[in-house]
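Working through the structure, step by step
This is what each chain is made of:
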Amino acid sequence: MALNNSTSFPSGASFSEKLLYGVQKALRKLAEETAAKDGSLVVKINGEIKDVPAKELLKTLPK
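Presented here is a report on the structure given in the accompanying data block.

So, how was this worked out
- Residues numbered from 1 in each chain as written.
- Predicted model: local features only at pLDDT ≥ 70, side-chain atom pairs only at ≥ 80, totals over all residues.
- Heavy atoms only, no water.
- Helix = DSSP H or I, 4+ residues; strand = E, 2+ residues; numbered from the N terminus.
- Buried < 20%, exposed > 50% of the residue type's maximum accessible area, 1.4 Å probe, protein only.
- Core = buried A, V, L, I, M, F, W, Y, C linked by side-chain atoms within 4.5 Å.
- Contact = heavy atoms within 4.5 Å.
- Pairing = 2+ DSSP bridges.

Looking at the secondary structure, you find Glu33 in helix H1 (residues 15-36). The class for Glu33 is partly exposed, based on a relative accessible area of 43%. Counting along the chain gives 21 residues from Glu33 to Ala54, while the straight-line C-alpha distance between them is 8.6 Å.

This paragraph deals with the nonpolar core. Of all hydrophobic cores here, the largest spans 8 residues; its members are Ala31, Ala35, Leu41, Val43, Val52, Ala54, Leu57 and Leu58. Breaking this core down by element, the ones donating at least two residues are H1, strand S1 (40-45) and helix H2 (54-58). For this core, the element with the highest residue contribution is H2, accounting for 3 residues. Those residues in contact with Ala35 that lie beyond four places of it in its chain are Ala54, Lys55 and Leu58.

Where S1 meets strand S2 (residues 48-53), 6 bridges bridge the pair, whose relative direction is antiparallel. Note on S2: the bridge partner recorded for Ile45 is Glu48. The hairpin formed by S1 and S2 contains 2 residues between the paired strands, and Asn46 there has a positive phi angle of roughly 50°.

Right, here's the structure in full:
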């Protein structure tokens, strides 16, 4: 899998900040692709496991 290096981080960005950004980007992509198929994702909200439509989940994720 090739990584897209279009995002440049400040020189002081830690590895954990870069990793967190990558995970958030991957989760958004998963939600977008699932929403395109009218699917849902299983998430844990307040300790309760729920089946949430991906389109609804996308509304809560950062861009």
